[in-house]
Amino acid sequence: MHHSITPQFEALIGASRLDSLNSHPSSVYGLDSGLEISYLNPAWFKFAEENGNKNFSVNEWSLGKPVLDSIPDLLKSFYTELFESALNAKDPSIFSRHLQYECSSSELYRRFSMHLYPLGKDGFVTVHSLLVEEPYLTLPREGLIALDENQYIDINGIVRQCANCRRIQSIKNKERWDWIPKWVNEPVSNTSHGICPPCLHHYYLSKALL
Ligand SMILES: [Zn+2]
């Protein structure tokens, strides 16, 4: 599958983490110390193919483009602070920041979570997952990604959660890890803990941190 990466970022990210993110079904992009786009994984291109230009300008998303060009003016200072906190993380192995954002199309109300994985002062990786919520009863919205427990609770009643980022593994597609705020606030009693691939590489296998 197709991905895009600068030579500098390839050296920064390391081969085994790159392999892992290239096969991860969540969209991933990497930014360098100048907040320029330095890596886009295959899942990002798949999402762009399905949603690009209606929701965002794919042309703004190529290597070397400043990511802030794609962020609305009102949010630029917020994102700058967030991204700089990843670049300035004193100890990337304990850094943990994530946020939720909306990326809707005319047909679909859709929100995502973004998790940040610092790689030192030269860059960081962001992993984007679908946000799955219970529908707002007072405000039904067409296309809301509603929580369907059958997608996440296995036949033994067990939910599998990443011990680091707290995303929940889909049982229909085990490669998928989604962000379910309800179960982060109130964990299901039968929760077993695992590690999702980006966290496995970031916290346990990454040579970049040694
Ligand atoms: Zn994780």
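Each remark here, short or long, concerns the structure printed above.
Residues numbered from 1 in each chain as written. Predicted model: local features only at pLDDT ≥ 70, side-chain atom pairs only at ≥ 80, totals over all residues. Heavy atoms only, no water.

**What about unusual backbone geometry?**
A negative phi angle characterises most non-glycine residues, just as the trans form characterises most peptide bonds.
Phase 1: A positive phi angle, close to 60 degrees, is found at leucine 35, a residue other than glycine.
Phase 2: Judged by its relative accessible area of 7%, leucine 35 falls in the buried class.
Phase 3: Even without glycine at this site, arginine 166 takes up a positive phi of about 70 degrees.
Phase 4: Residue placement: arginine 166 occurs in the loop between β7 (159-162) and β8 (168-169). (Buried < 20%, exposed > 50% of the residue type's maximum accessible area, 1.4 Å probe, protein only. Helix = DSSP H or I, 4+ residues; strand = E, 2+ residues; numbered from the N terminus.)

**With respect to the coordination of the zinc ion**
Phase 1: Distances from the zinc ion to its protein donors, namely Cys162 (SG), Cys165 (SG), Cys196 (SG) and Cys199 (SG), fall within the range 2.3 to 2.4 Å.
Phase 2: Coordination at the zinc ion is tetrahedral, judged from the four donor atoms that bind it and the angles of 104 to 115 degrees they form at the metal.
Phase 3: We note that the donor set of the zinc ion lies within a single chain, spaced as C-x2-C-x30-C-x2-C. Here the two residues cysteine 162 and cysteine 165 agree in accessibility, since each one is buried. (Donors = N, O, S within 2.8 Å, 3.2 Å for Na, K, Ca; no water. Tetrahedral: all angles 85-135°; square planar, octahedral: opposite > 155°, others 65-115°.)

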